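Listed below are the residues making up each chain.
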Amino acid sequence: MKNMRYDHFERNRYFLGKLLSVSDFETEQRYFNDKRRWMNRLFHGAGIVCGLSVSKVDGETLSVDPGAALDYAGREILIPAGVVYTLSSLDGYTPNPLHHTLYLCLEYSEAEADPIHSLSAATGQTTESLECNKYAEGFRLYLTDERPVSGADRLLRHNLLIYEDQDLRITQSMDRFLRSGRKNRLTVAVEKLSETEPVAFHYTLQSPILKDIQGENPLRVDFDEAAFSKADSYVFDVPFQAEVLQDTVDRVSILDQTLTLSAGGEETPKNIAVSGFDVIIGKDSAESRLAADYFSQTLEERLLNTDQQRLCLAAITVGRQDDGRPFIRKVAGNPFGQNLPTAALVKLLQEYRQNQAPAEYEPSSGETAAGLPQESAFERFKSEGWYATGVEDIKFGANTQKDNHTFSKEIIHGLGKGPVFIVLGLEEHHEIQPSEAAYGDHMVFGNQDVFLRSSLEKVVPLVSMGALANSGKGTFQIGVKLLKNTEHTACRIRWWAYKHASDMDPSYLNDGIQPSISVSPDIAQLKLNEVFRFEVTFKNVQPSLCKFSVKEPEGGAIDSNGVYTAPPHEGLFEIQVENIANPALKASAFAVIKERS
């Protein structure tokens, strides 16, 4: 089954008087098994069908939910009930892993089972022996430090190992199909395999067609660890553009076949094993060219190396305890998006898109066919960009007199760096409860004077509001000025921050990569009572607000902006982050508190 190269299928032909032997029954099983698996592979594909989520139980234990999958040889894999493993009990575990990231992989397995007594006359004498009566189909979970790459992934992009030694691994990913005259990007992943000095490197991609976003050629890739928050691994994008051309194939090579690497300030040239790769550049969409390339594959190409492609359930980041033993820092489930969409899911998505389709606009009447006003500027903006929302309680303090100015703390809107558009609304609340974030009965926008001394006047202080955005930090502050004396001691402001899609960071738009969030840094060494801010990074998901918490009851305190206050005693404490819009997106970091950091 592993190579899956067939000339034809054979099945039994039955007739009266036929003597059935072991080989006949094996042929019967092989025909149905092989054809079913062959159809699974060609008609359905490979990947996780349902379940198989991996979660961290504690620093040494993982749990895997029940689920089903098809492997790259078309074989069905079933985990009927949840299983729990310690890291050390998994195949492939080593007590001294060289890499910070290990991959938990799943594969099909089968074993002989149910031994029974058998009468054998192979030697001319009747003797009694044991034979297994059945094959038990099952699964095998194992660890590896090799990054899995599927055949489908190879069809979509070039995943290249640029450089690797005992301390460092550098990989690069670039789409095979590029749009001419448009922005494209390549993604570089840097993994520190041991504790070393901060590293920096650069190499140059040589191509007459590819240029950087300033239009310069050749395209240079630069990395300096000092510019990032300290971590075990880093991922960054290098934007570039392709010449406006008709469909063409371009050969991309690495200039001089070298990479200049520096650790601790000393630069050293390193040889690169990658000779070059081809990219296809044209004006057609990548989707149409990918489909044409997919259907033009021969049967041999489609079924190539089916035994060498892994189903990866999780990427496990490991750290070192004081005694040198590894422990689980965090677990990222299904890191390569190896899901297998079913026909039922495709049908549901089609129905959803139909239900979400806007009504047809009739220009002559200025209304939609449904009799509703045409799409508002807000709806158009929302469809072309991303937004985040939150609530902020502004306390006036003792001074509730006219012209008093009050400012909020710095708020992280979650849309990353760059320009944002912020809208503020004043909520009507009879009593401000800081822990309550539900919407009020009424909300006032703009000039409140128009509602005074009318039936529409609301129970809110008369204020003017403004927002000061810091595009370099991805934050903003709210300012409130009292326009008249008030008995209110506080006011509640609901805010919305919008960013156009063209202003989004390309790292939020990695096609084909599973949405995830991470916390930076993943480990922070702090002193007693020290104040420190943890930041959340979003990957292929709309940035939005997250909820921070400390797992241990006496592990300190953290606010909604990730500002952590260490406790007055030493210890190791876990900072947990959960995305409010999508609670399935979670991440963790650790705070190591010592009297002297």
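Residues numbered from 1 in each chain as written. Predicted model: local features only at pLDDT ≥ 70, side-chain atom pairs only at ≥ 80, totals over all residues. Heavy atoms only, no water.

Caption draft 1: Up close: the overall build of the protein chain. Looking only at helices and strands, one finds six helices and 41 strands in the protein chain. Buried positions account for 38% of the 597 residues belonging to the protein chain. Once local pairs closer than 6 in sequence are excluded, the contacts in the protein chain between residues at least 24 apart make up 67%. Only carbon and sulfur atoms are counted for the fraction: they give 51% of the accessible area of the protein chain, which is about 33,700 Å². (Helix = DSSP H or I, 4+ residues; strand = E, 2+ residues; numbered from the N terminus. Buried < 20%, exposed > 50% of the residue type's maximum accessible area, 1.4 Å probe, protein only. Contact = heavy atoms within 4.5 Å. Areas by Shrake-Rupley, 256 points an atom, 1.4 Å probe, with all protein chains shown as cover.)

Caption draft 2: Seen up close, the pattern of salt bridges. Under the defined criterion, the tally for this structure stands at 16 salt bridges. Aspartate 71 is the salt-bridge partner of arginine 75, the closest N and O atoms lying 2.9 Å from each other. Aspartate 71 carries the same exposure label as arginine 75, and that label is buried. We note a salt bridge from arginine 140 to glutamate 107, for which the minimum N-O separation is 2.9 Å. Highlighted residues: arginine 140 in strand E8 (residues 127–144) and glutamate 107 in strand E7 (residues 101–120), separated in sequence by 33 residues. Owing to a relative accessible area of 30%, glutamate 107 belongs among the partly exposed residues under this scheme. Sharing partners across several salt bridges, the network here consists of Asp91, Glu107 and Arg140. (Salt bridge = Lys/Arg side-chain N within 4 Å of Asp/Glu carboxyl O.)

Caption draft 3: Summary view of the sheet that holds strand E4 (residues 67–70). Read from one edge to the other, the open sheet built from three strands follows the order E1-E4-E5, with strand pairing classed as antiparallel. Only two strands of the sheet have a single partner each, and these edge strands are strand E1 (47–51) and strand E5 (76–79). Sheet twist, expressed as the mean angle between neighbouring strand axes with direction ignored, is 15°. (Pairing = 2+ DSSP bridges. Axes fitted to C-alpha atoms, helices over the stretch in contact; angles between N-to-C directions.)

Caption draft 4: Inspection of the sheet that holds strand E38 (residues 557–558) at higher detail. The sheet built from three strands is open, its strands ordered E35-E39-E38 with antiparallel pairing. Looking at strand neighbours, the two that pair on one side only are strand E35 (531–533) and E38, the edges of this open sheet. One ladder, built from three bridges, connects E35 with strand E39 (residues 563–565); its direction is antiparallel. Bridge assignment links valine 531 to a residue of E39, and that residue is threonine 565.

Caption draft 5: Up close: the pairing of strand E37 (residues 546–550). Residues Cys546, Phe548 and Val550 line the buried face of E37, whereas the alternating positions Lys547 and Ser549 sit on a face that is not buried. As judged from the five bridges shared by E37 and strand E40 (residues 571–579), these two strands associate in the antiparallel manner. Bridge assignment links serine 549 to a residue of E40, and that residue is glutamine 576.

Caption draft 6: A look at the nonpolar core. In terms of nonpolar packing, the biggest core is built from 34 residues, with Ile162, Leu186, Val188, Phe201, Tyr203 and Leu259 touching the most fellow members. No other element matches strand E16 (residues 233–242), which puts five residues into this core. For leucine 259, the contacting residues outside a window of four places in its chain are Ile162, Tyr163, Ile170, Phe201, His202, Tyr203, Thr268, Pro269, Lys270 and Ile272. Core analysis: the next-biggest nonpolar cluster, separate from the first, contains 25 residues, Leu62, Leu106, Leu313 and Ile328 among them. (Core = buried A, V, L, I, M, F, W, Y, C linked by side-chain atoms within 4.5 Å.)

Caption draft 7: Helix H1 (residues 22–44), seen in detail. Between the first and last C-alpha of H1 there are 32 Å, a value that for 23 residues agrees with the 33 Å anticipated at 1.5 Å per step. Of the residues making up H1, those classed as buried are Asp24, Thr27, Tyr31, Asp34, Arg37, Asn40, Arg41 and Leu42. Just downstream of H1, glycine 45 is the residue with a positive phi angle, here 105°. (Expected span 1.5 Å × (residues − 1).)

Caption draft 8: Inspection of unusual backbone geometry at higher detail. Backbone torsion omega between serine 520 and proline 521 reads -5°, so that peptide bond is classified as cis. Among the secondary structure elements, proline 521 is positioned in the loop between strand E33 (516–520) and strand E34 (523–527). Positive phi, close to 65°, is recorded for leucine 52, a residue that is not glycine. Relative to the elements of secondary structure, leucine 52 occurs in the loop between E1 and strand E2 (54–58). The exposure class assigned to leucine 52 is buried, which follows from its relative accessible area of 3%.

Caption draft 9: Spatial organisation of the packing of aromatic side chains. The tally for this structure, following the rule as stated, stands at 15 aromatic pairs. Their ring planes at 45° and their centres at 5.6 Å tell us that tyrosine 103 and phenylalanine 336 sit as a pair that is tilted. Here tyrosine 103 is found in strand E7, whereas its partner phenylalanine 336 is found in the loop between strand E22 (326–333) and helix H5 (343–356), with 233 residues between them in sequence. Connected via pairs of aromatic rings, a cluster forms that spans Phe9, Tyr31, Phe32, Trp38 and Phe43. (Phe/Tyr/Trp six-rings, centres within 6.5 Å; stacked < 30°, edge-to-face > 60°.)

Caption draft 10: View of the state of the cysteines. Counted by the stated rule, this structure contains zero disulfides. Its sulfur unpaired, cysteine 105 is 4.5 Å from the next cysteine sulfur, which belongs to cysteine 312. (Disulfide = S-S within 2.5 Å.)

Caption draft 11: The environment of isoleucine 116, seen in detail. Looking at the element boundaries, isoleucine 116 is found in strand E7. Between the alpha carbons of isoleucine 116 and lysine 134 there is a distance of 9.7 Å; along the sequence they are 18 residues apart. Excluding residues that lie within four positions of it along the chain, isoleucine 116 makes contacts with Ser129, Leu130, Glu131 and Asn133.

Caption draft 12: The arrangement of the environment of arginine 325 in detail. Inspection of the secondary structure puts arginine 325 in the loop between strand E21 (311–320) and E22. Judged by relative accessible area, arginine 325 falls into the partly exposed class, the value being 40%. Considered as a pair, arginine 325 and threonine 94 are 231 residues apart in the sequence and their alpha carbons are 9.9 Å apart. With residues up to four places along the chain from it excluded, the contact list for arginine 325 reads Glu60, Gly319 and Arg320.

Caption draft 13: Structural context of the confidence of the model for the protein chain. When pLDDT is averaged along the protein chain, the result is 78; 83% of the residues meet or exceed 70. For residues 357–384, every residue scores under 50 in pLDDT, and the model assigns this stretch 24 contacts once sequence neighbours within four places are set aside. Long-range and interchain partners of residues 507–512, a stretch whose pLDDT sits below 50, account for 24 contacts in this model, where long-range means more than four residues apart. (pLDDT = per-residue confidence, 0-100.)

Caption draft 14: Representation of a nonpolar patch on the surface within the structure. A contiguous nonpolar surface patch, about 330 Å² in accessible area, is contributed by Tyr14, Leu20 and Phe25. Looking at the secondary structure, you find tyrosine 14 in the segment before H1. (Patch = residues over 30% accessible without salt bridge, like charges linked within 9 Å, V, L, I, M, F, W, Y side chains within 5 Å.)

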